[in-house]
Amino acid sequence: MNIDIRPTTTPRTRPTGALGFGIHFTDHLFRMDYVDGKGWVDARVEAYSGATLDPAASVLHYAQVVFEGLKAFRGADGGLRIFRADRHARRFARSCEKLCIPAIPEADVMEAIVRVVEQDASWVPDAPGALYIRPYVYATEAFLGVRPAKAYTFCVILSPVGAYYERGFAPVKIWVEREAVRAVKGGVGDAKTAANYAASLHAAFGAKKRGYDQVLWTDAISHEKIEEVGTMNLFVAFENEVVTPSLDGTILDGVTRDSVITLLKARGVNIVERPITLDEVKQGQKSGKLKEIFGSGTAAVVSPVGTLGFEDGDLTIGDGNPGPLALSLFDELTKIQRGDLPDPHGWVRRLEG
Ligand code: COI
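About the cut-offs
Residues numbered from 1 in each chain as written. Predicted model: local features only at pLDDT ≥ 70, side-chain atom pairs only at ≥ 80, totals over all residues. Heavy atoms only, no water. Helix = DSSP H or I, 4+ residues; strand = E, 2+ residues; numbered from the N terminus. Expected span 1.5 Å × (residues − 1). Buried < 20%, exposed > 50% of the residue type's maximum accessible area, 1.4 Å probe, protein only. Near = heavy atom within 4 Å. Polar contact = N/O pair within 3.5 Å; in protein donor to acceptor, adjacent residues only side chain to side chain. Areas by Shrake-Rupley, 256 points an atom, 1.4 Å probe, with all protein chains shown as cover. Nonpolar A, V, L, I, M, F, W, Y, C, P; charged D, E, K, R; others polar. Domains from an automatic or database assignment. Contact = heavy atoms within 4.5 Å. Buried area = accessible area lost by both parts, 1.4 Å probe. Salt bridge = Lys/Arg side-chain N within 4 Å of Asp/Glu carboxyl O. Pairing = 2+ DSSP bridges. Right-handed = clockwise from strand over helix to strand, strands pointing away. Phe/Tyr/Trp six-rings, centres within 6.5 Å; stacked < 30°, edge-to-face > 60°.

Given 3.6 residues per helical turn, the α-helix brings residues three or four places apart onto the same face. An ideal rise of 1.5 Å per residue puts 20 Å on 14 residues; helix α2 (residues 85-98) measures up with 20 Å between its terminal C-alpha atoms. Ala 85, Arg 87, His 88, Ala 89, Arg 91, Phe 92, Ser 95 and Cys 96 are the residues of α2 that are buried. Immediately downstream of α2, the backbone of Cys 100 shows phi near 60°, a positive value.

Okay, here's the thing in structure tokens:
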């Protein structure tokens, strides 16, 4: 892919103090457009700026948009590393296909990411911060009929971030949602598309009002089986096995989920992908067989769950503190990401800058 580099002439003000999540954006972005009959054209790295969107653009009306979230890290050696861009590009391609968005070759998606990150390398914060990378593609055609659009824009924007949760590695409080539904089999629950997040807002807002950080989604039919948390896949550690819900089409095939499974397997832990019920969790807590619960995600990394909230009261997980598995996985994963531990699975790509 031929990428035109157009450096900015008006650098943005650098953030000072706590970075937060998704608040600050760097000097440049990657952008290219899809033109009917021509395909993807005009790949460029240019000054971070808004684009005009026709009021009839189909994305505004029918939500034809997909995105990804991955990270680049600054190591203690000063080196810049990007984590599992290939796997994110593959999932991006699958999401595009599901939303009838014209394919962007995975190699081009990766090149776009690498090129814009290298351009803004000086924005990658030191540990514990990271550069959150947000590739996304949306339908721009001005047309109100319901069919796949004929024009799109693909962008990659960059945001220097701190921890996703305001309270850092403190255990999160999760509301178990048994009325609202995020996704059903055969829907788009396994695609990283904006509509899934829009559909989650009302329940998440309700959970916040009750004092919880996020929502744990249950299956749409029985509301008995655990699915995923708002921005994380979930792992439940019992005495003899660690369980994570299987990929059945309703949950996201998390890249951090896959990384955690791989790390656990390498440790010889009995990690099982299977359906898991709320009753199993409650019984496990009663019998003492439930050891800990934690979530995994690019933004959240590995986050311990301290409390599950039900209509009839809270269930404290373990002793309510971060468990040893969550702590050690967080440590191992972040050290691999920063180059402080070897990378036996080939997840990390060293960049220039
Ligand atoms: C990520 O972890 O990259 C996510 O997609 C979460 C994001 C929606 C905040």
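The rest of the description comes next.
What follows covers the site of the ligand. The local shell around the ligand holds 10 residues, among which Tyr 132, Lys 192, Tyr 197, Thr 298 and Ala 299 are the closest. At 2.4 Å from an oxygen atom of the ligand is found a side-chain nitrogen or oxygen belonging to Lys 192. In this structure, an oxygen atom belonging to the ligand sits 2.8 Å away from a main-chain N or O atom of Ala 299. Considering the ligand on its own, with 280 Å² of exposed area, one finds that the protein chains cover 90% of that surface. Looking at the shell around the ligand, its residues break down into five nonpolar, three polar and two charged. When residues of the shell around the ligand are sorted by domain, at least three fall in each of domain 1 (4-162) and domain 2 (172-337).

On to helix α7 (residues 324-338), then. Counted at 1.5 Å a residue, the expected span for α7 with its 15 residues is 21 Å, and the 21 Å between its end C-alpha atoms agrees. For α7, the complete set of buried residues consists of Leu 325, Ala 326, Leu 329, Leu 333, Thr 334, Ile 336, Gln 337 and Arg 338. Remark: Gly 339 follows α7 within two positions and exhibits a positive phi of approximately 85°.

Another aspect to go through is the domain arrangement of the protein chain. When the domains of the protein chain are assigned, the result is domain 1 (4-162) and domain 2 (172-337). Here the C-alpha centre of domain 2 lies 27 Å away from the C-alpha centre of domain 1. Counting from both sides, the interface comprises 21 residues of domain 1 and, opposite them, 19 residues of domain 2. Approximately 1800 Å² of surface area, both sides summed, lies buried where domain 1 meets domain 2, with 58% of it carried by carbon and sulfur atoms. Summed over the three residues of domain 1 that lose the most area to domain 2, namely Phe 67, Phe 83 and Arg 91, the buried surface amounts to 31% of that side. Across the contact surface, domain 1 and domain 2 share five salt bridges. Across the pair Lys 98 and Asp 190 runs a salt bridge whose closest N-O atoms are separated by 2.8 Å. Applying the counting rule to domain 1 against domain 2 returns 13 residue pairs in polar contact (both at pLDDT 80 or more). Elements with a contribution of two residues or more to the side of domain 1 that touches domain 2: β4 (65-67), β5 (70-74), β6 (80-83) and α2. Looking at which element gives the most residues to the side of domain 1 that touches domain 2, the answer is α2, with six residues. A breakdown of the residues in the side of domain 1 that touches domain 2 according to their chemical character gives 10 nonpolar, three polar and eight charged.

This part is about the pairing of strand β10 (residues 214-218). Burial within β10 is extensive, with five of its five residues counted as buried. Bridge count between strand β9 (residues 172-177) and β10: four bridges; the pairing is parallel. Its bridge partner lying in β10, Glu 177 is registered against Trp 217. What joins β9 to β10 is helix α4 (residues 194-209), and the crossover it makes is right-handed. Inspection of the sheet shows β10 paired to strand β11 (residues 226-229) by two bridges, in the antiparallel sense. When the sheet's bridge partners are listed, Thr 218 is paired in β11 with Ile 226.

Take the packing of aromatic side chains next. Applying the stated criterion across every chain, the model contains 11 aromatic pairs. With centroids separated by 5.7 Å and ring planes inclined at 80°, the aromatic side chains of Phe 83 and Trp 347 adopt a geometry described as edge-to-face. With Phe 83 in strand β6 and Trp 347 in the loop between α7 and β18 (348-351), the pair connects residues that are 264 residues apart, well separated along the chain. With respect to burial, Phe 83 and Trp 347 carry one shared label: buried.

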